[in-house]
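Each chain, letter by letter, is given below.
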Amino acid sequence: MKIGFVGLGIMGSAMAANLVKAGFQVTVWNRSSDARNLLAGMGAATVPTPRAVAERCDIVIAMMANPVAVIAVRDGSDGILAGLSSGKGYIDMSTVDADTSRESARLTHAAGALFLEAPVAGSRKPAEDATLTIMAAGDRELYDRSLSILEKMGKKLLFLGETGSAARMKLANNLVMAGMLTALSEGIALAAGSGLDLGQFLDVLDSGAVANPMFRLKGPQMAANGEFPAAFPLKHMQKDLRLALRLAEENGQPLFTTAVVNEQYKAALAEGLGDCDFAAVSRVIRKLS
Ligand code: NAP
């Protein structure tokens, strides 16, 4: 099976690399050339447009920054849709809103192809280790046909039903993650400001009911308050909060804490921290303390 991969950022480059390593014939496209060259060096073919990826491949996967980027590679004369035809499949693994996904599904079906949305949980390291959680929804036939591909990128695969369900699941997951990290930021700020040892504070958290892998991973970096190289860029977490709040608005669902958490991430963006890891939100909170 010929696989195409469009969008070779932090996640996409690691996921595409795993498909190459697994022995699939992979054709890639990325807007900027560094990631393209990296994948070419590993054995992937490169082509000049997303359309050419779709024309050459049975299944095209996209892993884009946000809804605007999804549309940029999907539509137009050089876009993925222009290269799709009957029998092909388009899997969008980007984190987007359900409306963007449903529009992708509608346009893909109009081109005679099948569509799956498949956002992921897990960051740079799980992408490299092929241990992502993959939340899929859309055309079940394409999901079944793609299992051997998805299994090379993730360790837990879920099929959630109609297009839009996976997008909504991913946004609900991420608002929990964003809130947990701001709570940890405030705990670190309070502990540091009141003269406590931060190593001991993290140890106490890790010994009790709130122990979790994310605190274990991000806690020492946040306590040190140094550099925050991006595993999950802060600008993408703020995008997820924005989309979650919009979904809540549509449903009439109050999200009291998430609204405040979103303001903290917006303040971090305004501080120029968008390309840092999302743990850099702690900088904003510590600056105020
Ligand atoms: P990233 O490193 O910022 O990569 C984003 C990709 O989108 C790059 O390939 C970038 O191309 C491309 N892109 C952005 N704007 C574009 C445009 N207008 N036209 C064409 N291409 C464009 O992001 P990432 O961390 O890999 O995340 C990708 C997606 O996965 C996001 O939706 C994110 O929310 C989600 N996600 C990320 C993580 C994580 O931990 N990083 C975890 C789970 C889910 P260039 O290389 O040319 O800039």
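The structure this text deals with has already been given above.
Note that the structure is a prediction, hence the values are computed from the model and not measured.

**A look at the site of the ligand**
Here is step 1: Looking at the ligand, there are 24 residues lining it, with Met11, Asn30, Ser123, Ala231 and Lys239 nearest.
Here is step 2: Taking Leu8, its main chain carries an N or O atom lying 3.2 Å from an oxygen atom of the ligand.
Here is step 3: Between Ser32 and the ligand, the recorded distance is 2.8 Å, taken from a side-chain N or O atom to an oxygen atom.
Here is step 4: Starting from 900 Å² of accessible surface for the ligand in isolation, the protein chains cover 86%.
Here is step 5: For the shell around the ligand, the elements supplying multiple residues, two or more each, are helix H1 (10-21), helix H4 (67-74) and helix H12 (234-251).
Here is step 6: The dominant element in the shell around the ligand, judged by the number of residues it contributes, is H4, at 3 residues.
Here is step 7: Mapping the shell around the ligand onto the domain boundaries places at least three of its residues in each of domain 1 (2-162) and domain 2 (168-288).

**A closer look at the side chain of Lys218**
Here is step 1: Position of Lys218 among the secondary structure elements: in helix H11 (residues 213-224).
Here is step 2: Once residues within four sequence positions are removed from consideration, Lys218 is found in contact with Leu181, Ala231, Asp277, Phe278 and Ala279.

**Concerning the packing of aromatic side chains**
Here is step 1: Taken as a whole and assessed by the stated rule, the structure comprises 3 aromatic pairs.
Here is step 2: Consider the rings of Tyr143 and Phe159, whose centres lie 5.1 Å apart with planes at 45 degrees: the pair is tilted. Of this pair, Tyr143 sits in helix H8 (residues 140-150) while Phe159 sits in strand S9 (residues 154-159); the two residues are 16 residues apart in sequence, bridging distant segments of the chain.
Here is step 3: Directly above the aromatic system of Phe159 lies the positively charged group of Arg140, at a separation of 4.8 Å from the ring centroid.

**Things to note about the nonpolar core**
In summary, soluble globular proteins display a tendency toward joint burial of nonpolar side chains.
Here is step 1: Judged by nonpolar contacts, the single largest core of 33 residues is most densely connected at Phe5, Met15, Leu19, Ile61, Met93 and Met153.
Here is step 2: With 6 residues, H1 is the largest single contributor of residues to this core.
Here is step 3: Ignoring any residue separated from it by four or fewer positions in sequence, one finds Ile61 in contact with Ile3, Gly4, Phe5, Val6, Leu19, Ile91, Met93, Ile149 and Met153.
Here is step 4: Within the second largest apolar cluster, 27 residues are counted, among which are Ile188, Met222, Ala268 and Ala280.

**Some points on unusual backbone geometry**
Here is step 1: Of note in the backbone geometry, Ala130 takes a positive phi value of approximately 60 degrees without being a glycine.
Here is step 2: Within the fold, Ala130 resides in the loop between helix H7 (124-129) and strand S8 (132-138).
Here is step 3: Residue Asn225 is not a glycine yet carries a positive backbone phi of 55 degrees.
Here is step 4: In this fold, Asn225 is placed in the loop between H11 and H12.

**Some thoughts on the pattern of salt bridges**
Here is step 1: Counting across every chain of the model gives 12 salt bridges.
Here is step 2: Put simply, Lys125 and Asp129 hold a salt bridge, and the shortest N to O gap is 2.6 Å. Taken together, the positions of Lys125 and Asp129, both in helix H7 and 4 residues apart, correspond to about one turn of that helix.
Here is step 3: Its relative accessible area of 51% is what places Lys125 among the exposed residues.
Here is step 4: Assessed through its relative accessible area of 40%, Asp129 is described here as partly exposed.
Here is step 5: Note that Asp206 and Arg216 form a salt bridge whose closest N and O atoms lie 2.8 Å from each other. You can see Asp206 sitting in helix H10 (residues 198-207) and its partner Arg216 sitting in helix H11, a full 10 residues away along the chain.
Here is step 6: We classify Asp206 as partly exposed; its relative accessible area is 34%.
Here is step 7: For Arg216, a relative accessible area of 48% translates into the label partly exposed.

**Here we look at the environment of Val281**
Here is step 1: Considering the arrangement of structural elements, one finds Val281 in helix H14 (residues 281-288).
Here is step 2: Sequence spacing of Val281 and Asn173 is 108 residues, and the spatial spacing of their C-alpha atoms is 18 Å.
Here is step 3: Among residues more than four places away in sequence, those in contact with Val281 are Thr182, Ser185, Leu234, Gln264, Tyr265 and Ala268.

Rules used throughout
Residues numbered from 1 in each chain as written. Predicted model: local features only at pLDDT ≥ 70, side-chain atom pairs only at ≥ 80, totals over all residues. Heavy atoms only, no water. Near = heavy atom within 4 Å. Polar contact = N/O pair within 3.5 Å; in protein donor to acceptor, adjacent residues only side chain to side chain. Areas by Shrake-Rupley, 256 points an atom, 1.4 Å probe, with all protein chains shown as cover. Helix = DSSP H or I, 4+ residues; strand = E, 2+ residues; numbered from the N terminus. Domains from an automatic or database assignment. Contact = heavy atoms within 4.5 Å. Phe/Tyr/Trp six-rings, centres within 6.5 Å; stacked < 30°, edge-to-face > 60°. Lys NZ or Arg CZ within 6 Å of the ring centre and 35° of its normal. Core = buried A, V, L, I, M, F, W, Y, C linked by side-chain atoms within 4.5 Å. Buried < 20%, exposed > 50% of the residue type's maximum accessible area, 1.4 Å probe, protein only. Salt bridge = Lys/Arg side-chain N within 4 Å of Asp/Glu carboxyl O.

Such coordinate-based values are descriptive only and should not be taken to indicate function.
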